[in-house]
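If you want the building blocks of each chain, they are given just below.
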Protein chains: 4
Amino acid sequence: MARKLVPEQHESKRREILAAAHRCFLRHGLQGASVAVICNEAGISPGHLYHYFPSKEAIVEQMADDYLAGLHAHFARHTQGEPVATVLLSELWSMEGWDDLAHCRILFELLAEGGRNDKIHAILQANSEGVRKLLAATITAGQQRGEVDPGLDADQTSAVLLAVLDAAPMLPLMTAGLDFESCRALITTMVGRFLRPQ
Amino acid sequence: MARKLVPEQHESKRREILAAAHRCFLRHGLQGASVAVICNEAGISPGHLYHYFPSKEAIVEQMADDYLAGLHAHFARHTQGEPVATVLLSELWSMEGWDDLAHCRILFELLAEGGRNDKIHAILQANSEGVRKLLAATITAGQQRGEVDPGLDADQTSAVLLAVLDAAPMLPLMTAGLDFESCRALITTMVGRFLRPQ
Amino acid sequence: MARKLVPEQHESKRREILAAAHRCFLRHGLQGASVAVICNEAGISPGHLYHYFPSKEAIVEQMADDYLAGLHAHFARHTQGEPVATVLLSELWSMEGWDDLAHCRILFELLAEGGRNDKIHAILQANSEGVRKLLAATITAGQQRGEVDPGLDADQTSAVLLAVLDAAPMLPLMTAGLDFESCRALITTMVGRFLRPQ
Amino acid sequence: MARKLVPEQHESKRREILAAAHRCFLRHGLQGASVAVICNEAGISPGHLYHYFPSKEAIVEQMADDYLAGLHAHFARHTQGEPVATVLLSELWSMEGWDDLAHCRILFELLAEGGRNDKIHAILQANSEGVRKLLAATITAGQQRGEVDPGLDADQTSAVLLAVLDAAPMLPLMTAGLDFESCRALITTMVGRFLRPQ
DNA sequence: TATGAATGAGGGTTCATTCAT
DNA sequence: GATGAATGAACCCTCATTCAT
């Protein structure tokens, strides 16, 4: 019985390390966060990290997958029977446990890294594809209910909307002194006008 | 006159190095591209680089500024007296000398770096602000000509549109097998529906 | 009696670990074989190894002693009343449970290590001395029987012959495509001509 | 002209480092000698070593090749027109710049390493083959002059003799209190009796 | 007996940068 | 202007070993 707890402890330590790594990646970047810094943040010795992960690379990949799956999971929770535009936009600004800036920065790290690292690229695509299909299904359902312009291709439209959602975190980075809440409302408006039957 | 050429040679060498650095940053990331690799790509010795730039940091900053100013310049050329949506979207897919993927990757590097590096953040904001103001002016002009919904706040709308433009390069990274041309048309449609008077 | 089995189990586990260590030393070298790899090969946990041996060093020493004692034991079995050359050469190529290359490699590891590690050096000398004395006795007996040149010093001759025997495994390492059987016969010839009364 | 010296300086520094590495390998073993120790012995900083060698592995390989080529070169100098046994044995104990123990230890390191490292194995074989062919030619010449038993196969005999030569350094390692000079004479006797016409 | 979590020093290697030439 | 030798801190990772369970 005490025995049975061991794998759970192992898993929970893994998660602690991933969380620590995540914080470090935000502070220093995927490449800039050293194993030493991550271990320090996680409160473990440098060697011990390798009892939980085979390499720093593996940590990055797991973190990427977990982070993106988190987005996915959150989004999936809201897709049942809600008006289309609301659902689409609920994802971005209501993720729990993440402040907006954190969200945006890790995503941009992953987009940058995904451009030159095949594994990250694959993780990015796999997770995006998951959300995108939910989005496409939501759009198709909206079209059947007459809420969405039937002339829009669900696959392409979902891809574009996904990009729009993920672009929102750029706003505070690029433009200072912006009222994020107003911009959020504006994006909601834009998506609403885009989707509604003409 | 021979004298006068020397500073020009200096400047032209600087540009060569920046171009080499840019290629390396695309291949390895801002942090992953080492000074040695950059010098190799530029065909100069490691020590010599420091006759042109005081540090690697300075190279990154100059490259960021040049790259974003390039976007700015390109965009500025097209803003006079053209229909609004055309203007807005001309930037993205017609940049000369850059293939789309390259474009997107450096931008994401900069967004990621900008989240934790104040100088890069400032460069990002300064350049974005330049483009955004052009955009806002275009929108205001459009509103006066009756082409654009007068209810939209020009400042916020321009910021959102800028984010949408910069989000487009995400598409091929996140979704495989996408027809980029169709998505481009879809974005044009979205922006058109967003802006037009209701 | 159940009690009495425990120390035997302990001893048998020790031998298993030594055998595993031996395989690892062949694969990676004395220094290159890590405790982790040895434990893995032996199927035990890293901590548990230290219930059987106080250190990796101790494993190396015990393995060296066992290995060399194995040579000794094998050789000792054949020294009674047989023709000298036969005795001398029986050792090398008929050792059971060892293929020739394995044999040579561990020996060379030990010779290399013995040059800078006093304990290994002592083990090497002690075991060699054991075999050498048997060899010297065989030679002296041969001299008394008139089979061996009485002008040869038994001590020095035995040392030289021991070196010759241990050198044989070099052959396949240094020369490719060699007929080992023919070389073995050639060494027999050499030793025969060396020892016989002139 | 000062320019032309640079590559020579580079080469001379390489040799210094190789010599330092060689001393360290003798003290600590091929695997046991750390890059830090080698750099310390060579009087350079840890990073600087990599301006001269791409890896520690490359240092080992170059050292192996140089060392074995040194044996080769020395031996080649003595093969013309001298009595066979003298030639064969001149190599071992008269090498300049090497004390006997050093000689033996590096050789055993290489034999051990050669058993599990293909590159070292190849270097070992290539160099041995060089010496062995000289030896075979010497034997054939001796057979034609009637100094050597015509019944001996030159290729196999040369291989066996090479092993015997390289085995000599084992003597002081395995047997304490041995008179090396007497053993040397004994080996000369053995080889002489082996080769002479029967 | 047996585990595997934990350590921290040290492994080989790369880094941005400096400086004599 | 231009080189590349030189630095030493820091990189990711592995090591032999200890200890609570």
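The rules behind each value
Residues numbered from 1 in each chain as written. Chains lettered and ligands numbered in written order. Predicted model: local features only at pLDDT ≥ 70, side-chain atom pairs only at ≥ 80, totals over all residues. Heavy atoms only, no water. Helix = DSSP H or I, 4+ residues; strand = E, 2+ residues; numbered from the N terminus. Buried < 20%, exposed > 50% of the residue type's maximum accessible area, 1.4 Å probe, protein only. Contact = heavy atoms within 4.5 Å. Areas by Shrake-Rupley, 256 points an atom, 1.4 Å probe, with all protein chains shown as cover. Core = buried A, V, L, I, M, F, W, Y, C linked by side-chain atoms within 4.5 Å. Least-squares fit on C-alpha atoms with pLDDT ≥ 70 in both. Buried area = accessible area lost by both parts, 1.4 Å probe. Salt bridge = Lys/Arg side-chain N within 4 Å of Asp/Glu carboxyl O. Polar contact = N/O pair within 3.5 Å; in protein donor to acceptor, adjacent residues only side chain to side chain. Nonpolar A, V, L, I, M, F, W, Y, C, P; charged D, E, K, R; others polar. Near = heavy atom within 4 Å. Phe/Tyr/Trp six-rings, centres within 6.5 Å; stacked < 30°, edge-to-face > 60°. Axes fitted to C-alpha atoms, helices over the stretch in contact; angles between N-to-C directions. Parallel < 35°, antiparallel > 145°, perpendicular 65-115°, else oblique. Expected span 1.5 Å × (residues − 1). Domains from an automatic or database assignment.

Enquirer: Help me understand the overall build of chain A, please; the structure alone is not making it clear to me.
Expert: When you go through chain A residue by residue, the secondary structure sums to nine helices and zero strands. Seen in sequence order, chain A has helices and strands lined up from the N terminus as α-α-α-α-α-α-α-α-α. The buried share among the 198 residues of chain A stands at 51%. Look at the contacts in chain A between residues 6 or more apart in sequence, and 66% of them connect residues 24 or more apart. Entry remark: accessible area of chain A is about 8,600 Å², with carbon and sulfur atoms responsible for 54%.

Enquirer: Just to check I follow, could you spell out the nonpolar core for this structure?
Expert: The nonpolar side chains of soluble globular proteins are, as a tendency, buried together. Phe25(A), Phe108(A), Phe25(B), Phe108(B) and Met170(B) are the most contacted members of the largest nonpolar core, which has 123 residues in total. With residues near it in sequence (within four places) discarded, Met170(B) still touches Phe108(A), Leu111(A), Ala163(A), Asp166(A), Ala167(A), Met170(A) and Phe108(B). The next biggest cluster of nonpolar side chains, apart from the first, holds 121 residues, and it includes Met63(C), Leu173(C), Phe194(C) and Phe194(D).

Enquirer: What's the story with the relation of the copies chain A and chain B in this structure? I'm lost.
Expert: Put simply, the second copy of the chain is the first one after a rotation about an axis and a shift along it. Take chain A, turn it by 180°, move it 0.0 Å along the axis, and it overlays chain B with an RMSD of 0.2 Å. Both chain copies can therefore be described as sitting about a two-fold axis. A shared binding surface is used by both copies, with 100% of the interface residues of chain A retained as interface residues in chain B.

Enquirer: Could you clarify how one ought to interpret the interface of chain C and chain D in this entry?
Expert: Frequently, the measure chosen for interface size is the accessible area that the parts lose on association. Every contact between the two is made by 51 residues of chain C and, on the other side, 51 residues of chain D. Looking at the side of chain C facing chain D, the largest losses of area belong to Met174(C), Met190(C) and Arg193(C), adding up to 16% of the total buried there. Here chain C and chain D share four salt bridges between them. At the boundary of chain C and chain D, one finds 17 residue pairs in polar contact (both at pLDDT 80 or more). Looking at the side of chain C that touches chain D, the elements that each hand over two or more residues are helix H1 (2-28), helix H6 (100-114), helix H7 (118-144), helix H8 (154-167), helix H9 (170-174) and helix H10 (180-195) of chain C. Classifying every residue of the side of chain C that touches chain D by side-chain character gives 25 nonpolar, 15 polar and eleven charged.

Enquirer: Quick question: what am I supposed to make of the protein's contact with DNA strand F here?
Expert: Surveying the vicinity of DNA strand F reveals 28 residues, the closest of which are Tyr50(A), Lys56(A), Val35(C), His48(D) and Tyr52(D). Sugar and phosphate atoms represent 64% of those atoms of DNA strand F found within 4 Å of the protein. Take His48(D): an N or O atom from its side chain is 2.4 Å from a phosphate oxygen of DNA strand F. Between DNA strand F and Tyr52(D), the relevant distance is 2.5 Å, taken from a phosphate oxygen to a side-chain nitrogen or oxygen of the residue.

Enquirer: Which parts of the structure should I look at to understand the relation of the copies chain C and chain D?
Expert: Of the transformation placing chain C onto chain D, the axial shift is 0.0 Å and the rotation is 180°, giving an RMSD of 0.2 Å. When the interface residues of chain C are mapped onto chain D, 100% of them are again interface residues, pointing to one common binding face.

Enquirer: I tried to follow the pattern of salt bridges on my own but got confused; where do I start?
Expert: Once their charged atoms are close, side chains differing in charge can pair, the charge on each being opposite to the other. Residue and element names in this part refer to chain B. This model, assessed by the stated rule, comprises 52 salt bridges over all chains. Among the ionic pairs, arginine 15 bridges to aspartate 66, the shortest N-O distance being 3.2 Å. With arginine 15 in helix H1 (residues 2-28) and aspartate 66 in helix H3 (residues 56-76), the pair connects residues that are 51 residues apart, well separated along the chain. Among the residues examined, arginine 15 registers a relative accessible area of 45% and is labelled partly exposed. Put simply, arginine 23 and glutamate 41 hold a salt bridge, and the shortest N to O gap is 2.5 Å.

Enquirer: Can you walk me through the protein's contact with DNA strand E in this structure?
Expert: In the region of DNA strand E, 28 residues are neighbours, and His48(A), Tyr52(A), Val35(B), Val35(D) and Tyr50(D) sit closest. Of everything in DNA strand E that lies within 4 Å of the protein, sugar and phosphate atoms constitute 64%. A distance of 3.0 Å is found between a phosphate oxygen of DNA strand E and a side-chain nitrogen or oxygen belonging to His48(C). Tyr52(C) is positioned with one of its side-chain polar atoms (N or O) 3.0 Å from a phosphate oxygen of DNA strand E. Ranked by residues supplied to the surface near DNA strand E, first place goes to helix H3 (residues 46-49) of chain C with three residues.

Enquirer: It is not clear to me how the side chain of Asn127(C) should be interpreted in this structure. Could you clarify?
Expert: Residues and elements named next belong to chain C. Examined against the element boundaries, asparagine 127 turns out to sit in helix H7. At 2.8 Å, the side chain of asparagine 127 forms a polar contact with the side chain of aspartate 65. Excluding residues that lie within four positions of it along the chain, asparagine 127 makes contacts with Asp65, Leu68, Ala69 and His72.

Enquirer: Looking at this structure, I do not really get the interface of chain A and chain B. What am I missing?
Expert: The interface of chain A with chain B comprises 51 residues on the first partner and 51 residues on the second. Counting each side, the surface lost to burial between chain A and chain B is near 4,400 Å², with a carbon and sulfur contribution of 66%. The largest contributions to the chain A side of the interface with chain B come from Met174(A), Met190(A) and Arg193(A), which together make up 16% of the buried area. There are four salt bridges connecting chain A and chain B.

Enquirer: Can you help me understand the packing of aromatic side chains in this one?
Expert: Two descriptors summarise a pair of aromatic rings, namely the distance from one centre to the other and the angle between the planes of the rings. The tally for this structure, following the rule as stated, stands at two aromatic pairs over all chains. Aromatic side chains Phe108(A) and Phe108(B) sit 6.4 Å apart centroid to centroid with 0° between the ring planes, which places their arrangement in the stacked category. Separated into two different chains, Phe108(A) in helix H5 (residues 100-114) and Phe108(B) in helix H5 (residues 100-114) make up a pair that spans both. For the pair Phe108(A) and Phe108(B), a shared accessibility class is recorded, and that class is buried.

Enquirer: Quick question: what am I supposed to make of the packing of H8(C) against H10(C) here?
Expert: Residues and elements named next belong to chain C. Axis separation between H8 and H10 bottoms out at 12 Å; the angle between their running directions is 170°. Judged on the interaxial angle alone, H10 and H8 are roughly antiparallel. In contact with Thr157, Leu161 and Val164 of H8, H10 contributes Ile187, Met190, Val191, Phe194 and Leu195. Broken down by class, the residue content of the contact of H8 with H10 amounts to seven nonpolar, one polar and no charged.

Enquirer: Whenever I open this one, helix H9 (residues 180-195) of chain B confuses me. Can you help?
Expert: All names here are of chain B. An ideal rise of 1.5 Å per residue puts 22 Å on 16 residues; H9 measures up with 22 Å between its terminal C-alpha atoms. Listed in full, the buried residues belonging to H9 are Phe180, Cys183, Leu186, Ile187, Met190, Val191, Arg193, Phe194 and Leu195. For H9, the side-chain oxygen to backbone nitrogen distance between the N-cap and glutamate 181 is 3.2 Å, and the N-cap itself is aspartate 179.

Enquirer: Could you clarify how one ought to interpret the domain arrangement of chain A in this entry?
Expert: Residues and elements named next belong to chain A. By the assigned domains, chain A splits into domain 1 (1-54) and domain 2 (56-195). Counting residues at the interface gives 15 residues for domain 1 and 15 residues for domain 2. Summed over both sides, the interface of domain 1 with domain 2 buries roughly 1,500 Å², with 69% coming from carbon and sulfur. For the domain 1 face of the interface with domain 2, the top three residues by lost area are His22, Leu26 and Leu30, together amounting to 42%. Run the count over domain 1 and domain 2 and you get one salt bridge. Across the contact surface, domain 1 and domain 2 share six residue pairs in polar contact (both at pLDDT 80 or more). Grouping the amino acids of the side of domain 1 that touches domain 2 by side-chain chemistry returns ten nonpolar, three polar and two charged.

Enquirer: Could you clarify how one ought to interpret helix H6 (residues 118-144) of chain A in this entry?
Expert: In an α-helix, one turn spans 3.6 residues; hence positions three or four apart end up facing the same way. Taking 1.5 Å of rise per residue, the 27 residues of H6(A) would be expected to cover 39 Å, and the 38 Å separating its terminal C-alpha atoms lies within 8% of that figure. Looking one or two residues past H6(A), Gly146(A) carries a phi angle of roughly 80°, positive in sign.

Enquirer: What am I meant to see in the side chain of Glu113(C) here?
Expert: Residues and elements named next belong to chain C. If you trace the backbone, glutamate 113 turns up in helix H6. Residue glutamate 113 is classed as buried on the basis of its relative accessible area of 13%. For glutamate 113, the residues in contact, after removing those within four places along its chain, are Leu30, Gln31 and Ile120.

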